[in-house]
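# Chain and residue survey
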Amino acid sequence: MQHAEQVDMLKRLLALRETRRDEKMLDEVVRLPVTKYTDEALLEQEIASAFSQYPLIAGHASALAEPGAYLTSDWDQFPYFVVRGEDGRVRAFYNQCRHRGARLAEAPAGTVKNFVCPFHGWVYGLDGALKGITRAHDFPGVNPCDYGLVELPATEAGGLVWVGRTPGATLDIPGFLGAFHEDLVNFDVASLVQYKKTKVVKEANWKLLIKTYLEGYHVPYLHRDTLAAAFKRGVIAHDSDGPHIRLSAARTNIGETALKPEEEWRILDYASVYYTLFPNTFFILHPDYVSINTFWPLSPDRTIWTHEMLYRAEDFAGSAGQSALEKRFRFTNDTVFDQEDFAIAEDVQRHLRHGGSDHHVLGLAEGLLAIFQSNIDERLTGPGEAAGASATTPATTGQHS
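Residues numbered from 1 in each chain as written. Predicted model: local features only at pLDDT ≥ 70, side-chain atom pairs only at ≥ 80, totals over all residues. Heavy atoms only, no water.

The name an unreviewed UniProt entry gives the protein is (2Fe-2S) ferredoxin, with Streptomyces gelaticus as the organism.

### Focus on the sheet that holds strand β2 (residues 56-60)
Going by this rule: When DSSP locates at least two bridges between a pair of strands, those strands are taken to pair. Each helix is a run of H or I in the DSSP string that is no shorter than four residues. Each strand is a run of E no shorter than two, and both are numbered from the N terminus. Fitted lines through C-alpha atoms serve as axes, helices being fitted only where they are in contact, and the angles separating the N-to-C directions of these axes extend from 0 to 180 degrees.
What the three strands build is an open sheet, ordered β2-β12-β11; its pairing is antiparallel. Unpaired on one side and paired on the other, β2 and β11 (154-157) mark the two borders of the sheet. Each neighbouring strand pair of the sheet contributes to a mean axis angle of 30°, computed without reference to strand direction. Sheet analysis places β2 next to strand β12 (residues 160-163), joined by four bridges and oriented antiparallel. Note that in β12 the partner of Leu56 across the bridge is Val163.

### Quick word on the nonpolar core
Inclusion rule: Throughout this description, the term nonpolar core refers to a set of buried Ala, Val, Leu, Ile, Met, Phe, Trp, Tyr and Cys residues connected via side-chain atoms within 4.5 Å. Any residue under 20% of the maximum accessible area for its type is buried, any over 50% is exposed, and the rest in between are partly exposed; the area is computed with a 1.4 Å probe on protein chains only.
By size, the foremost hydrophobic cluster in this structure holds 93 residues, and its most contacted members are Val82, Ile267 and Phe283. In terms of residues, this core owes the most to one element, helix α8 (residues 367-377), which gives six residues.

### Considering the confidence of the model for the protein
So the rule is basically this: On a scale of 0 to 100, pLDDT captures the predictor's confidence in every residue. Only heavy atoms enter the contact rule, under which two residues are in contact if any of them lie within 4.5 Å.
Residues of the protein with pLDDT of at least 70 account for 95%, and the chain-wide mean is 92. Overall, residues 382-401 carries pLDDT values under 50, and its contacts beyond four positions in sequence, including any with other chains, amount to 44 contacts.

### Here's the deal with the layout of surface pockets
Cut-off, in case you're wondering: With a 1 Å grid laid over protein atoms only, a set of points is called a cavity when a 1.4 Å probe fits there but cannot get out and a pocket when it is open yet has protein on both sides within 12 Å along at least five of seven lines; lining residues have an atom within 4 Å of a point. Grid points are joined across faces, edges and corners, and a volume is the space filled by probe spheres set on the points. Three categories are distinguished: nonpolar for Ala, Val, Leu, Ile, Met, Phe, Trp, Tyr, Cys and Pro, charged for Asp, Glu, Lys and Arg, and polar for the others, with Gly belonging to the last.
Space inside the largest pocket adds up to approximately 1100 Å³. Along the walls of the largest pocket sit 46 residues, with Glu215, Gly216, Tyr217, Val219 and Ile236 positioned nearest its centre. Breaking the lining of the largest pocket down by element, the ones donating at least two residues are α6 (219-222), β15 (244-250) and α7 (318-351). Among the elements that make up the lining of the largest pocket, the one with the highest residue count is α7 (five residues). Residues of the lining of the largest pocket, tallied by class, amount to 24 nonpolar, ten polar and twelve charged. Put simply, the second largest pocket is a space of about 460 Å³. Thr212, Glu215, Val348, Glu366 and Leu369 are the residues nearest the centre of the second largest pocket, which is lined by 18 residues in total. Of all the secondary-structure elements, those providing two or more residues to the lining of the second largest pocket are α5 (206-211), α7 and β20 (359-362). Here the lining of the second largest pocket gets four residues from one element, more than from any other, and that element is α7.

### Quick look at helix α2 (residues 40-49)
Heads up, the condition is: By the criterion applied in these results, polar contacts are pairs of N or O atoms within 3.5 Å in which, for protein atoms, one can donate a hydrogen and the other can accept it, and in which residues neighboring in sequence qualify only through two side-chain atoms.
Within α2 the residues assigned to the buried category are Leu42, Leu43, Gln45, Glu46, Ile47 and Ser49. Tucked into the core, α2 has its buried residues touching α5, β18 (290-299) and α8. For α2, the capping residue at the N-terminal end is Asp39, with a side-chain oxygen 3.1 Å from the backbone nitrogen of Ala41.

### Concerning the UniProt feature "domain: Rieske" (unreviewed entry) in the protein
Here is the rule: UniProt positions are given in the numbering used here, feature names are shortened, and annotations may be inferred rather than shown by experiment.
Mapped onto this numbering, the UniProt entry annotates "domain: Rieske" (unreviewed entry) at residues 57-163. Secondary structure content for residues 57-163 is 0% helix and 36% strand, while the C-alpha to C-alpha distance between its ends is 6 Å.

### Re the pattern of salt bridges
Here is the rule: By definition, a salt bridge exists where a carboxyl oxygen of Asp or Glu is found within 4 Å of a side-chain nitrogen of Lys or Arg.
The full count for this structure, using the stated rule, is 22 salt bridges. The salt bridge partner of Glu5 is Arg246, with a shortest N-O separation of 2.9 Å. Here the residue Glu5 occupies a position in helix α1 (residues 3-19), and Arg246 occupies one in strand β15, the gap between them amounting to 241 residues. Its relative accessible area of 32% is what places Glu5 among the partly exposed residues. The closest approach of N and O atoms between Glu203 and Arg302, which form a salt bridge, is 3.6 Å. Of this pair, Glu203 sits in the loop between β13 (193-202) and α5 while Arg302 is found in strand β19 (residues 302-311), placing the two residues 99 residues apart along the sequence.

### Considerations on the packing of aromatic side chains
The geometry of two aromatic rings is summed up by the distance between their centres and the angle between their planes. The condition that has to hold: Only centres within 6.5 Å qualify two rings of Phe, Tyr or Trp (six-membered ring in Trp) as a pair; their planes then separate them into stacked at under 30 degrees, edge-to-face at over 60, and tilted for everything else.
Summed over the entire model, instances satisfying the criterion amount to 29 aromatic pairs. Ring geometry for Tyr213 versus Phe282: centroids 4.3 Å apart, planes at 10°, classification stacked. Of this pair, Tyr213 sits in the loop between α5 and α6 while Phe282 sits in strand β17 (residues 281-285), and the two are 69 residues apart along the sequence. The pair formed by Tyr213 and Phe282 is uniform in burial state, with each residue classed as buried. Here Trp305 and Phe337 contribute two aromatic rings whose centre-to-centre distance is 6.2 Å and whose plane-to-plane angle is 80°, an arrangement assigned as edge-to-face. One end of the pair, Trp305, is in strand β19; the other, Phe337, is in helix α7, and 32 residues separate them in sequence.

### Observations concerning empty space enclosed by the protein
The tally for this structure, following the rule as stated, stands at one cavity of 30 Å³ or more. Considered as a void within the structure, the largest cavity measures approximately 60 Å³ in volume. In terms of lining residues, the largest cavity is bounded by Ile57, Ala58, Gly59, Asp74, Tyr80, Lys197, Ile292, Thr294, Trp296, Thr306 and Glu308. For the lining of the largest cavity, the elements supplying multiple residues, two or more each, are β2, β18 and β19.

Structure (structure tokens):
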């Protein structure tokens, strides 16, 4: 956000705080079928569309700080690695040797001079070229030029590394993110560095996990001993650009803007800013750190969740700074996300097939959940459902509360 937009957003939040209501979303109560979280065929369609036809975030660019630095995929259904080449360019390749398909890079991240197959020792350069075949005399007529790694589209944008699933395609991330790409640039996400990244499996649908972030209705209850104090009288304003959603949540201290001239207002001093970056990333900007949460479906009721925490090195200098950073990470990752948000999502998932209702009812403050669901469903392709199918059903047409 540029400064003028930050000021405008704070004014929107201050006006909403007077009404004690979130900004209007869908402005109607919505029924959402629980099959959105249990149907195997639907998940296959989501993977074939949202997870196959759109750019996916591999991680923060600071993980590829030098030539030879690489990241591997967190999701076995899309086995790739991205690496910084000697020319400084980021490239992505299928993480498979062209000989017999063994995985070349096993660690989540690292630095190499070449990629060497652990099965038979074939060697690949950082540009994916096949540099050496062991016992080459056993492969008469095999031209190494024909057996380089299969390259995937990859690029850096907004401080993040992006990968696509279609070889030969190009990625236009500014066009994909629209105005929200400028937000990442203006918030200078590229200058951050990684503190820590975790990867765990949660027993819940990937959409159900993301939706815990998309409303503030639960904060006084689920987070009563953690976040509630920081978001008293909290309200939410939101914007969309294509399938992406930005929401800004007023913090308790937002009234202190009155003590400063507008030219000194900085939104992260008074609000947290959240982005749902389609399809599976939830990006959170706090005053002093950033959380990148990604969700990779394994089945309708199992999801890989990764949390990558970023910070500015100068803000957490020395052992005291690192200790403070570790405290923030434990609070955010272990307590708020894992033990509160995702624990309740897992509880909901356990009973979906055995409960007393075939749908969830979403109130006016939960409209972003329905909007997010529509963003997924409208892009579905596959047997039984054409792109553009409706995601939600109004509980009563025109009903407001």
